[in-house]
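Here's the letter readout for the chains.
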Amino acid sequence: MFRGFYTAASGMLTQQRRAEMLTNNLSNANTPGFKTDQASVRSFPEMLMQRMGQKVTTPNGKISLPMYSQVGLLSTGVYMQEATPLYTQGDIQETQLATDLAIVNGNLPVNQENGKPGALLFVVENSAGEARYTRNGNLTLDGAGYLTTASGNYVLDDNNNRIRLNSENFSVSEEGMIVENNQPVARVGIALAEDPYQLIKEGDGLFRAKGAILANGYNTAGVSFNVKQGYLEGSNVDQAQTMTDMLTAYRTFEANQKILQAYDKSMDKAVNEIGRL
């Protein structure tokens with residue numbers, strides 16, 4: 001009986017966490033470069049139930065020692081293992097702002113282990129001086145003339161140096177080269193994550209690489225892309241599908257809740273009515 005409590009409770013917790021993830025996706029539907037999360041729901045290992053104390057009589061009439069006969073498998077519940085970002089490209093939207101940049105994917109190598117294509121990202125530097133990666137090209141110039149993200153992270157060039165400009169009167173070629181006063185200033189740093197599912201999502205549109213720094217996207221064979229100035233990449237959140245998934249999560253939560261209430265009534269009857277006999 002108590003196993004049923006645990007199974008129903010695990011289902012409720014799983015759907016609650018899934019609903020939280022979907023709510024976060026929906027709230028970032030208009031965030032530039034946001035990558036939607038997908039839930040991986042797994043079941044706990046099943047238990048093999050056996051009947052204890054069964055006695056078997058042999059042909060000569062003797063009773064053998066107690067035997068164990070298999071009853072069947074018992075599920076022990078589910079859990080949300082992880083939330084994995086989906087790295088497909090969002091819609092490219094025109095803004096006509098010189099500081100807005102978007103990466104338009106071309107040819108990307110496919111990872112041999114998972115069969116998924118890699119991902120291209122802007123290289124930025126956080127407040128601790130560490131390299132981070134993002135698809136959010138909503139950039140600006142700070143008071144010192146450095147090109148930064150909206151949250152203040154410095155945009156790096158392809159040599160991992162900060163990019164400093166005199167004004168917003170600059171142009172960016174499709175190859176990522178920044179030109180100001182007809183002079184090349186720097187090339188926007190773009191990194192290639194050969195296996196983007198190894199990236200760690202930190203929030204604020206930033207990703208962190210495990211271990212080594214990601215490869216330079218310009219110098220990797222078989223990779224092609226364009227940088228578009230005056231455009232932003234929108235999120236890849238499918239709002240209609242997300243709303244449908246949220247309703248499914250709520251209905252599943254309610255179903256597990258009713259099962260839990262049924263178990264509670266059964267236990268109440270067992271303790272307060274049958275126990276008095």
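Everything discussed here concerns the structure shown above.
Peer 1: I would appreciate a short explanation of empty space enclosed by the protein in the present structure.
Peer 2: Take a probe with the size of a water molecule and roll it over the atoms, and the empty space left behind shows itself. For the coordinates displayed, the defined rule picks out one cavity of 30 Å³ or more. If you add up the space inside the largest cavity, you get close to 40 Å³. In terms of lining residues, the largest cavity is bounded by G33, F34, K35, T134, R135, N136, K201, G205 and F207. The residue inventory of the lining of the largest cavity, partitioned by class, reads two nonpolar, four polar and three charged.

Peer 1: Which parts of the structure should I look at to understand the layout of surface pockets?
Peer 2: Roughly 220 Å³ of internal volume is contained in the largest pocket. T31, N136, D204, G205 and L206 are, among the 17 residues lining the largest pocket, the residues nearest its centre. For the lining of the largest pocket, the class distribution of residues is four nonpolar, 11 polar and two charged.

Peer 1: What is the right way to read unusual backbone geometry from this model?
Peer 2: For residues that are not glycine, phi is negative in most cases, and the peptide bond is trans in most cases. One non-glycine residue with positive phi stands out, namely N181, at about 55°. In this structure, N181 sits in the loop between β13 (177-180) and β14 (183-187). A positive phi is found at N182, a non-glycine position, where the angle reads about 65°. Tracing the chain through its elements places N182 in the loop between β13 and β14.

Peer 1: What is the right way to read the nonpolar core from this model?
Peer 2: Nonpolar side chains tend to gather and get buried jointly when the protein is soluble and globular. Among the nonpolar cores identified, the biggest contains 24 residues, and L120, I178, I190 and F225 are the most heavily contacted of them. Among the elements of the structure, β6 (101-105), β7 (119-125), β9 (139-141), β15 (190-193) and β19 (225-229) are those that each provide at least two residues to this core. Examining the composition of this core, we find that three residues originate from one element, β7, more than from any other. Residues contacting I190, with those up to four places away along its chain left out, are I103, L120, L121, F122, V123, A215, N216, G217, Y218, F225 and V227. In this structure, A119, L121, V123 and L199 belong to the second largest nonpolar core, which totals 12 residues.

Peer 1: Just to check I follow, could you spell out the sheet that holds β13 for this structure?
Peer 2: One key point about sheets: their strands pair by backbone hydrogen bonds, in either a parallel or an antiparallel sense. With antiparallel pairing, three strands are arranged side by side in an open sheet as β12-β13-β14. Of all strands in the sheet, those with a lone pairing partner are β12 (171-172) and β14, marking the two edges. Alignment of β12 against β13, held across two bridges, turns out to be antiparallel. By the bridge assignment, V172 is partnered in β13 with I178.

Peer 1: Looking at this structure, how should I read the environment of N256?
Peer 2: Assignment of secondary structure puts N256 in helix α2 (residues 239-272). Judged by relative accessible area, which is 15%, N256 ranks as buried. Sequence separation between N256 and L13 is 243 residues; the distance between their C-alpha atoms is 9.7 Å. For N256, the residues in contact, after removing those within four places along its chain, are T7, A8, G11 and M12.

Peer 1: Looking at this structure, I do not really get the packing of aromatic side chains. What am I missing?
Peer 2: Centre distance and the angle of the planes are the two values used to describe a pair of aromatic rings. Summed over all chains, the structure comprises four aromatic pairs. The interplanar angle of 45° and the centroid separation of 5.7 Å between the aromatic rings of Y87 and F207 together place this pair among those described as tilted. Taken together, the residues Y87 in the loop between β4 (78-85) and β5 (92-94) and F207 in strand β17 (residues 206-208) connect sequence positions 120 residues apart. Residue class for Y87 comes out buried when judged on its relative accessible area of 11%. Between Y146 and Y154 the ring centres are 5.6 Å apart and the planes differ by 85°, which places this aromatic pair in the edge-to-face class. Here the basic side chain of R162 rests over the ring of Y154, its NZ or CZ set 3.8 Å away from the ring centre.

Peer 1: Would you explain the side chain of R135 in this entry?
Peer 2: Structurally, R135 is set in the loop between β8 (131-134) and β9. Given the relative accessible area of 5%, R135 is considered buried. At 3.3 Å, the side chain of R135 forms a polar contact with the side chain of N105. Not counting residues within four places of it along the chain, the set of residues in contact with R135 comprises G33, K35, Q89, I103, N105, L120, L121, F122, G205 and E233.

Peer 1: Explain the pattern of salt bridges here, please?
Peer 2: Close approach of charged atoms lets side chains of opposite charge pair. Under the criterion given, the structure shown has eight salt bridges. Residues R162 and E125 are paired through a salt bridge, measuring 2.6 Å at the closest nitrogen-oxygen approach. Of the two residues, R162 is situated in the loop between β11 (154-155) and β12 and E125 in strand β7; the sequence distance between them amounts to 37 residues. A relative accessible area of 39% places R162 in the partly exposed class. One salt bridge in this structure joins E233 and R135, with 2.8 Å as the shortest N-O distance.

Analysis parameters
Residues numbered from 1 in each chain as written. Predicted model: local features only at pLDDT ≥ 70, side-chain atom pairs only at ≥ 80, totals over all residues. Heavy atoms only, no water. 1 Å grid on protein atoms, 1.4 Å probe; cavity = no way out; pocket = protein on both sides within 12 Å on 5 of 7 lines; lining within 4 Å. Points joined across faces, edges and corners; volume = space filled by probe spheres on them. Nonpolar A, V, L, I, M, F, W, Y, C, P; charged D, E, K, R; others polar. Helix = DSSP H or I, 4+ residues; strand = E, 2+ residues; numbered from the N terminus. Core = buried A, V, L, I, M, F, W, Y, C linked by side-chain atoms within 4.5 Å. Buried < 20%, exposed > 50% of the residue type's maximum accessible area, 1.4 Å probe, protein only. Contact = heavy atoms within 4.5 Å. Pairing = 2+ DSSP bridges. Phe/Tyr/Trp six-rings, centres within 6.5 Å; stacked < 30°, edge-to-face > 60°. Lys NZ or Arg CZ within 6 Å of the ring centre and 35° of its normal. Polar contact = N/O pair within 3.5 Å; in protein donor to acceptor, adjacent residues only side chain to side chain. Salt bridge = Lys/Arg side-chain N within 4 Å of Asp/Glu carboxyl O.

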